[in-house]
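Here's the letter readout for the chains.
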Amino acid sequence: AAEHNTTVLERYDFDLAKVIDDSPGSHNSYGSELRPPWQLEPLLRHHPSWQEFHDNMVYGIQYPFEKQIDEKTRQSQLKANMERGNHKSALKEDERQHVTKLMRTDVENGYAVPITAEGVRRLKDAEVYPVGLQDQNTIDERGNVIPKKRVTHDLSHNRKTGESVNQRVDMTQLKPAMYGHAMSRVLHLIHHIRRRHPGKRILCNKFDIDKAYRRLHTRASTAAKCIAMWFLDDMWKGEASEKNSVGLVLTRLPFGSSPAPDKFCTVSETVFDLGGDLLACDEWDPTALPSPYADVIPQPKRLDDEIPFGVAEEADVSLDESCVGGVDGYIDDGITVALDTPETTGLIARAAQAVAMALFLIFRPLAKAMEAINRPDILSVRKMLAEGGLCEVVTFLGWLINTRLLTVALPEEKYIAYSNQIQECLAARRISGETLKSLVGRLNHVCFVIPDGRHFMSRLRSLEKASADSNKFATLDDDTRADLRLWLVFLKSARDGISLNRIVFRKPTLQSYSDASEFGIGGYSPSTGVAWRYEFTDEQQLAFTLNCKEYIGVVVDSVIQSQYDQSPCPYPCYLHWSDSTSSIGWMRKSNFSFGEMPVHAEIARFHARHMMAMNACHYSQHLPGVDNIIADCLSRDFHLSDAQIISLLTSLDDSPNHKPLQIVKVPAELISWISTLEQLSPESEESLKGRSRSTLAAGISGWSSSGASNTAAVPFWTNLDRRRNFASAVHLCMRDDAVTLGQPHALAKSQQALPERPSIMWQRPSSRIIGRAQS
């Protein structure tokens, strides 16, 4: 076959484009896996991606190269890569047979064109890149997890020279295709339906597009740049040579090219949008007009009535009130979500087949015996038998979603694999770059449901990069080992299941404010009416930077306020305000140097453990220092007694609508923890700074009573205008109003609106395909 194809290419001056153009209607013709444009245009023309969809289908997918390499460089690179061969993962004795089998499948299905090695050298625009072999998991028709192999094409080889295919692609011309957005939207949809319909079933099913990337053709000039060299089956009986090797010109999207996810999503996102339209179309009766897969889709499975329904707490984003279902997906995984009640039987019937019908309407149906070569079904029937039936527990993008309990969990096999890898890393003296790369990828996956885990990825990523750049092993320091031990706790929590209430964008159940000065920290919550303050020892004043003190204050405040939180919500949501941009940022991510700031790392670990123990989620927001008036007083005015501070604040605002103010002692365990942090700090050569009073205390000229502890004491003000300004600020600080995104906070003098949640993360873009008026 390789010699025949090479002979054909020779007749066309080794120009693959000429061969394809002169062979219309063949499996190598652009768009041969899809229905013809004249069938698709009436259905899809209103979709925003239709023009790109159409052009890729008719002309083949062209990578958006930012630069091209000259002919001399291409020839040199081609020669070097052909001589180098493939990656070791593909050449291991036990793995070669798997690579051969997968390569043969690509040829038999018409995805790759075999040519001789000499043909590769003479092919116009030819580039060769090594292949590797990855271990992955899939499921059988019964849903059992089974191992699988996947050949990857390393189109990033020659990374350091910047001359590989992936390095030459202009990434700015690609649409971002982020896994987390699809998963986040699905969880928000489920949460929204349960919030609007408590105690009602929500059913889901999942569909996989089989051999997804291989369904789309690349343009001939792009295909020539994605050649892999492999060998005839009998090569392993003797010595490998050019005589028994062939070049495989992959005419479809390869696994390993950076543009592939974006280019395939142009099609798959259209499929999911069409599926959503079908789901919402009351005129479609699947019993009268079923999809071709109707007979093999399993019947719905519902959990026992005794299993309790998870409760959805209030979110701060909202889908349309009438929304009772939807379709979403990422690349080759599609999912349908639908409310299951006696009133939605039609919706459930459509949900069972919506994605399957959408795929049938867009991809060319199988001609079975009339197909010129073997052509697999567009839907993975094997996986459809396991996951295609509507149910209340579904695996989507590697996570186990339980719509009854309203949880998402890490599957048991992944928990075992991830935990074992961490244990092996902790036991080893040195870790290879490949192991670190694998570990970082796995833990990054978990960060989606445990956002606090992101704090503890920075060190691992730095080690991974350093080992990759130097091609050496990495040694774990004590702090990294502490992070990995915490990751074992994270993984167990993920395995046990995380409530969707901790993942979706929530409306805060408690708001609080904190501040720090050089000599103390303090905080207050209008939700609890509780204030607190702590005066640093002289040693602690020198041990911590001001930003570090702010960070300690934020975390101490979250612990204290949680202890006094009277809300019945089992999944509290805390919103913390601070005038320190650094500490606000550190609540979400670690943008500090762990090695130089061991105190910050320990604070992050402490806070993460506390949030897990509370089953809580948290947000942080910046507030200008001039507005943070109560917390500023608490962190500075240690010359005043608790009674005086309460008198000072209530004299400015004694509204009966506010909870009575009380100042509580900082718990002994938190004071001990702060002392522990002090021991981690490097010695400071600075001297103690002079003390300053808060703006509130500076405006007082005296008290009505000389007794410092007299609770009846009332402050005298130096200026009545300043008192009115203070009263207004204190009044706003004591309000426990709900925060509305997109609107200014009551305290913000600048009237700058609070940042809204990116809609792409909680709502599928409105991309209706049918039933839409032509513009």
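I will try to describe carefully the structure that is included in this document.

Parameters at a glance
Residues numbered from 1 in each chain as written. Predicted model: local features only at pLDDT ≥ 70, side-chain atom pairs only at ≥ 80, totals over all residues. Heavy atoms only, no water. Helix = DSSP H or I, 4+ residues; strand = E, 2+ residues; numbered from the N terminus. Buried < 20%, exposed > 50% of the residue type's maximum accessible area, 1.4 Å probe, protein only. Contact = heavy atoms within 4.5 Å. Pairing = 2+ DSSP bridges. Axes fitted to C-alpha atoms, helices over the stretch in contact; angles between N-to-C directions. 1 Å grid on protein atoms, 1.4 Å probe; cavity = no way out; pocket = protein on both sides within 12 Å on 5 of 7 lines; lining within 4 Å. Points joined across faces, edges and corners; volume = space filled by probe spheres on them. Nonpolar A, V, L, I, M, F, W, Y, C, P; charged D, E, K, R; others polar. Expected span 1.5 Å × (residues − 1). Arc of directions from axis to C-beta.

**Quick look at the overall build of the protein chain**
Point 1. For the protein chain, the helix and strand inventory stands at 27 helices and 20 strands.
Point 2. Split into buried and exposed, the 775 residues of the protein chain put 54% on the buried side.
Point 3. Put simply, 79% of the contacts in the protein chain that link residues at least 6 apart link residues at least 24 apart.

**Brief notes about the sheet that holds strand E5 (residues 227-231)**
Point 1. Pairing is antiparallel in the open sheet, where three strands are placed in the order E1-E6-E5. With partners counted over all chains shown, the strands left at the sheet margins are strand E1 (112-116) and E5, one partner each. Across this sheet, the average inter-strand angle for adjacent strands is 35°, counted without regard to direction.
Point 2. Where E5 meets strand E6 (residues 245-250), five bridges bridge the pair, whose relative direction is antiparallel. Of the residues in E6, the one forming a bridge with phenylalanine 231 is serine 245.
Point 3. Helix H1 (residues 2-11) contacts E1 and E6 of the sheet and is inclined by roughly 85° relative to E1.

**A word on empty space enclosed by the protein**
Point 1. By the definition in use, this model includes three cavities of 30 Å³ or more.
Point 2. The volume enclosed by the largest cavity comes to roughly 140 Å³.
Point 3. Taken together, 14 residues form the lining of the largest cavity, with Met103, Asp106, Val151, Arg214 and Leu250 sitting closest to its centre.
Point 4. Within the residue set of the lining of the largest cavity, elements represented by two or more residues are helix H7 (96-108), strand E3 (145-153) and E6.
Point 5. Classifying every residue of the lining of the largest cavity by side-chain character gives ten nonpolar, two polar and two charged.
Point 6. Space inside the second largest cavity adds up to approximately 100 Å³.
Point 7. Surrounding the second largest cavity, Gly31, Glu33, Leu34, Phe53, Asn56, Met57, Ile61, Arg215, Leu216, His217, Lys263 and Val267 form its lining.
Point 8. Among the secondary structure elements, those contributing two or more residues to the lining of the second largest cavity are helix H4 (50-59) and helix H12 (260-280).

**Some words on the sheet that holds strand E10 (residues 399-402)**
Point 1. In space, the four strands of this open sheet follow the order E9-E10-E11-E12, with antiparallel pairing throughout. The open sheet has two edge strands, strand E9 (393-396) and strand E12 (498-499), and neither has a second partner.
Point 2. The pairing of strand E11 (residues 407-409) with E12 spans two bridges and is antiparallel. Across the sheet, residue threonine 407 finds its bridge partner in E12, namely serine 499.
Point 3. Docked against the sheet, helix H18 (residues 478-496) engages E10, E11 and E12, running at close to 125° with respect to E11.

**What about helix H25 (residues 668-680)?**
Point 1. Its 13 residues place the ends of H25 19 Å apart at the C-alpha level, agreeing with the 18 Å of an ideal helix rising 1.5 Å per residue.
Point 2. Those residues of H25 not exposed but buried are Leu670, Trp673, Ile674, Leu677 and Glu678. Burial along H25 is one-sided: seen end-on, the buried residues are contained in an arc of 150°. More than 90 degrees from the buried face of H25, the exposed residues found are Ala668, Glu669 and Gln679.
Point 3. Where H25 is buried, its residues touch strand E14 (520-525), strand E15 (530-535), helix H19 (538-543), helix H20 (546-563) and helix H22 (598-614).

**Considering the pairing of strand E8 (residues 333-340)**
Point 1. For E8, the tally of buried residues reaches eight of eight residues, placing the bulk of the element in the interior.
Point 2. Burial along E8 is two-sided: the residues Asp333, Ile335, Val337 and Leu339 and Gly334, Thr336, Ala338 and Asp340 are all buried.
Point 3. The pairing of strand E4 (residues 201-208) with E8 spans eight bridges and is antiparallel. Within E8, the position partnered with phenylalanine 207 by the bridge is glycine 334.
Point 4. Relative to E8, strand E7 (residues 325-330) runs antiparallel, the two sharing six bridges. Within the sheet, the bridge partner assigned to valine 327 lies in E8 and is threonine 336.
Point 5. Connecting E7 to the next strand, E8, in antiparallel fashion are two residues, including isoleucine 331 with a positive phi near 55°.

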